[in-house]
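# Structural features, examined
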Amino acid sequence: MDSRKIRFLDSDALKLIAIVTMLIDHIGAAILLPAGMMAVNTLNSWIDIYGLSRSIGRTAFPIFVFLLVEGFFHTHSRKKYFGRLLLFALLSEIPFDMAIYGKPVYMGSQNVFWTLVIGFLTIWGIENFCGKHRQWLIRGRENRILTNYPIAAYVISFCVVFMGVVTAYYLRVDYRLYGVPLIVLFYFGKRAQVPRLFTCIAGYLLFLWEPYCIFGFLLILFYNGTRKKRGKGFRYFFYLFYPVHLLILGLIRVAFFSG
């Protein structure tokens, strides 16, 4: 079977699927759960609907991570890319706290953009510190394999990843101990040209505690590698959607379900 027929999703399609499933997830957390807690007589039904919305939302994170790594390799400026991630992590924090916790400031958890920021810095650090020591060998039509890689580079890579995971844990970002390793996994999978199927299987094994995220990994397998050229307005739509929809949900939660 022609792989081009199987891989029919471009980056925009994946982004749209990710933001729609994320929206459903956040509606569950910001509105359905507090509404259910107030509707005591129908609490079990509300919890069932809430659980369904959260399960659907598990699709989004693997897709966002995959697209982050794709962007890391294809962007014209990693500094600007990182700057955008950092900017929207800052812009999203108060809306995130309002929507998920019903208050403008909550230090117990940080929005997922911080996970992406830390993960981006982690793989960028691996590139900068270890790239000059890495040599790739092509043997016939086989995948590229790593060779002549100094022990020091392995140690540095491990330290960079460890620092990224520890930072994510202590900052209490979304997917604390698992988000950064998934980003690193997709990075090495892309760098070493590992078949995407194997990378997705490894990623799902890492996230077995979130079984419904399997749909995100499955959708990644249908990605055809195309990234349509769009204007800045269209590109920033995907960035702005996160803080804007959280702000709307947060205002609704604070207005109707606070306390």
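Quick notes on the rules
- Residues numbered from 1 in each chain as written.
- Predicted model: local features only at pLDDT ≥ 70, side-chain atom pairs only at ≥ 80, totals over all residues.
- Heavy atoms only, no water.
- Helix = DSSP H or I, 4+ residues; strand = E, 2+ residues; numbered from the N terminus.
- Buried < 20%, exposed > 50% of the residue type's maximum accessible area, 1.4 Å probe, protein only.
- Contact = heavy atoms within 4.5 Å.
- Areas by Shrake-Rupley, 256 points an atom, 1.4 Å probe, with all protein chains shown as cover.
- Polar contact = N/O pair within 3.5 Å; in protein donor to acceptor, adjacent residues only side chain to side chain.
- Phe/Tyr/Trp six-rings, centres within 6.5 Å; stacked < 30°, edge-to-face > 60°.
- Axes fitted to C-alpha atoms, helices over the stretch in contact; angles between N-to-C directions.
- Nonpolar A, V, L, I, M, F, W, Y, C, P; charged D, E, K, R; others polar.
- Parallel < 35°, antiparallel > 145°, perpendicular 65-115°, else oblique.
- Left-handed = near helix turned anticlockwise from the far one by under 90°.
- Expected span 1.5 Å × (residues − 1).

This next bit is on the overall build of the protein. Counting its secondary structure elements, the protein contains 11 helices and two strands. The linear arrangement of helices and strands in the protein, starting from the amino end, is α-α-α-α-α-α-β-β-α-α-α-α-α. The buried share of the protein, taken over its 259 residues, is 43%. Nonlocal contacts in the protein, meaning residues at least 24 apart in sequence, comprise 75% of its contacts between residues at least 6 apart. Total accessible area on the protein stands at roughly 14,200 Å², and carbon and sulfur atoms take up 66% of it.

Right, let's get into the side chain of Ser109. Looking at the element boundaries, Ser109 is found in the loop between α5 (78–101) and α6 (112–130). Assessed through its relative accessible area of 8%, Ser109 is described here as buried. Of the polar contacts made by the side chain of Ser109, one reaches the side chain of Tyr101; its length is 3.3 Å.

A few words on the packing of aromatic side chains. With the rule as written, the count across this model stands at 33 aromatic pairs. Where Phe82 meets Trp124, the ring centres are 6.2 Å apart and the plane angle is 55°; that geometry is what we call tilted. Of this pair, Phe82 sits in helix α5 while Trp124 sits in helix α6, and the two are 42 residues apart along the sequence. We note that Phe82, like Trp124, is buried.

Axes are the key here: two packed helices are described by the angle between their axes and the distance separating the axes. Packing of helix α7 (residues 151–171) against helix α8 (residues 179–191) leaves a shortest axis separation of 8 Å and a crossing angle of 145°. Counted together, Val161, Gly164, Val165 and Ala168 of α7 and Val180, Pro181 and Val184 of α8 form the full contact between these two elements. The residue inventory of the contact of α7 with α8, partitioned by class, reads six nonpolar, one polar and no charged.

Take the packing of α6 against α8 next. α8 packs onto α6 with a crossing angle of 40° between their chain directions and a minimal axis gap of 9 Å. Taken together, the axes of α6 and α8 lie oblique to each other. Helix-helix and strand crossings are classified by hand; for α6 and α8 the assignment is right-handed. On the side of α6, the interface is formed by Thr115, Leu116, Ile118, Gly119, Thr122, Ile123, Ile126 and Glu127, while α8 contributes Gly179, Val180, Ile183, Val184, Tyr187, Phe188 and Arg191. The residue makeup of the contact of α6 with α8, split by class, is nine nonpolar, four polar and two charged.

What follows is about α8. Across its 13 residues, α8 extends 18 Å between first and last C-alpha, which sits within 8% of the 18 Å expected from 1.5 Å per residue. For α8, the full list of buried residues reads Gly179, Val180, Leu182, Ile183, Val184, Phe186, Tyr187 and Gly189. Contacts made by the buried residues of α8 are with α4 (60–74), α6, α7, α9 (196–206) and α10 (214–220). Of the residues trailing α8, Gln193 is marked for its positive phi of about 55°.

Before going further, it helps to examine unusual backbone geometry. Phi at Arg172 is positive, roughly 60°, even though this residue is not glycine. By secondary structure assignment, the location of Arg172 is in the loop between α7 and α8. Here Arg172 falls in the partly exposed class, since its relative accessible area comes to 41%.

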